[in-house]
Amino acid sequence: MDFGLSEEQQAIFDMAREFGAEHIAPHSREWEAAGTIPKALWPRVAELGFGGLYVAEEYGGSGLTRLDATLVFEALAMADPAVGAFLSIHNMCGGMIDRFGKPEDKARWLPALCSMEKVFSYCLTEPGSGSDAAALRTRAERTNEGWTLNGTKAFISGGSYSDTYLCMVRTGEDGPKGISTVVVEDGSPGLSFGALEDKMGWRAQPTSQVQFDDCAIPAENLIGEEGRGFTYAMAGLDGGRLNIAASALGGAQAALDRTVAYMGERRAFGKTLDQFQALQFRLAELETALQSARIFLRQAAWKLDHKAPDATKFCAMAKLYVTDASFDVANQCLQLHGGYGYLADYGIEKIVRDLRVHQILEGTNEIMRLIVGRSLLAERG
């Protein structure tokens, strides 16, 4: 088993990291204060092939693997987890359309997605259905012209910002088999947005409710087959969980890198902090946590790429383990900075705030435990 990256994979990681260092990190605090990411950034991201990472090349994508994608999101998150994670959501939409869309769906939506001429958001969660996603109530009724949508989506990254919304809606019976996937474009009649959410972290990402009031869309905006939307959504979340884990890992790595540098400069009791053995032990524990998380994440990505039967379980375990470990590392890095870690100038407190949500979204870590536990019991049988 080869644990090293190929030359191509190392080049992908380095390219993403250099781009983030030059074009994202210098603006991180400014974008957080503004509560938005300039849309001019996205075409530059797309020029690197990051707009459609695992979309087929014939539609303008890069055709990369899920493992390759984790490298991109880890590297970008070293500059700003909120920006890298927002891009991961856009890519999750692209992956779903590429995998499950009809040929005409792909031809219609994917070129603009890959060029990032259109930014995509993923709409599953509702005010009354978060972890219980199959209980969603937003309904799409057939009409002579297409579909009419009524309902509300909650906590949508890119709400009121994105150009296109990939939505899970109820077209049939209660439960998962009555859910379909549709595309709603910004400006559609009956589409509106709630006020922007005032969040703990990810503040550079505009987040709001997405509301449908007799929202009319064409019949051809249905993605794939009617009644298969829940399956599509859950399959998309396997990769989404890897990307969110990778983003957490990149943020934690940035926090540790800053902490190692800080401890070589900060003096107490006549010597730099890095000369205290107890603190060296703390650094060793943090490094071990991140390295083990990185190996686990890449193993899960490898399983998803190779369609291993236990890939979903491994994606859940990786999301659980990596996001918990990453938040803990970032939080301990803040502690090692002392009072300075609490100040915005040092960049650590923002990472802590940003990484907290990684333990919640794309399925809470409690749901990840449920997936793993049920998988173990099924294997026993």
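Everything numeric in this text was worked out from a predicted model, so none of it was measured.

A. Structural detail: the nonpolar core. Ranked by internal contacts, the top residues of the largest apolar core, which has 107 residues, are Ile37, Leu41, Trp42 and Tyr122. For this core, the leading source of residues is helix 7 (residues 229-263), giving 17 residues. Excluding its chain neighbours within four sequence positions, the residues that come into contact with Leu41 are Phe19, His23, Ile24, Trp31 and Val83. Cys167, Phe212, Cys215 and Leu222 belong to the second largest nonpolar core, which has 16 residues in total.

B. Quick peek at the layout of surface pockets. In this structure, the largest pocket occupies an estimated 1100 Å³ of space. Lining the largest pocket are 39 residues, with Thr125, Ile360, Leu361, Glu362 and Gly363 positioned closest to its centre. Among the elements of the structure, helix 5 (81-100), strand 3 (146-157), helix 7, helix 10 (348-356) and helix 11 (365-380) are those that each provide at least two residues to the lining of the largest pocket. The element best represented in the lining of the largest pocket is helix 7, accounting for five residues.

C. Representation of the pairing of strand 3 in the model. Of the strand pairs in this sheet, strand 2 (residues 139-142) and strand 3 are connected by four bridges, and their pairing is antiparallel. Along strand 3, the bridge assignment pairs Arg142 with Trp147. The turn joining strand 2 and strand 3, which pair antiparallel and follow one another in sequence, is formed by three residues. Bridge count for strand 3 against strand 7 (residues 207-218) is ten bridges, and the pairing is antiparallel. Across the sheet, residue Gly151 finds its bridge partner in strand 7, namely Phe212.

D. Quick peek at the pattern of salt bridges. Under the criterion given, the structure shown has 19 salt bridges. Glu126 is paired through a salt bridge with Lys153; the nearest N and O atoms lie 2.9 Å apart. Here the residue Glu126 occupies a position in the loop between strand 1 (120-123) and strand 2, and Lys153 occupies one in strand 3, the gap between them amounting to 27 residues. On the basis of relative accessibility, which here comes to 6%, the residue Glu126 falls in the buried class. Note on Lys153: relative accessible area 0%, which makes it buried.

Conventions used here
- Residues take numbers from 1 onward in each chain, read along the sequence in its written order.
- For a predicted model such as this one, the threshold for reporting local features is a pLDDT of at least 70, and the threshold for listing and counting side-chain atom pairs is 80 or more; totals across whole chains, interfaces and linings nevertheless cover every residue.
- The basis for the side-chain values is all heavy atoms of the structure; hydrogens and waters are excluded.
- Put simply, a nonpolar core is a bunch of buried Ala, Val, Leu, Ile, Met, Phe, Trp, Tyr and Cys residues held in one set by side-chain atoms that sit within 4.5 Å of each other.
- Per-residue accessibility, obtained with a 1.4 Å probe over protein chains only, is compared with the maximum for each type, and a residue is labelled buried under 20%, exposed over 50%, and partly exposed between these values.
- Every helix listed is a DSSP run of H or I at least four residues long, and every strand listed is a run of E at least two residues long, numbered separately from the N terminus.
- Contact definition: two residues touch when any of their heavy atoms are within 4.5 Å.
- Whether a set of points on the 1 Å grid over the protein atoms alone is a cavity depends on a 1.4 Å probe fitting there but being unable to get out, while an open set qualifies as a pocket with protein on both sides within 12 Å along at least five of seven lines; lining residues are those with an atom within 4 Å of a point.
- Grid points are joined across faces, edges and corners, and a volume is the space filled by probe spheres set on the points.
- Strand pairing requires that DSSP identify at least two bridges connecting the strands.
- Between Lys or Arg on one side and Asp or Glu on the other, a salt bridge is scored when a side-chain nitrogen of the former is within 4 Å of a carboxyl oxygen of the latter.

No statement about biological role is implied by the geometric values presented.
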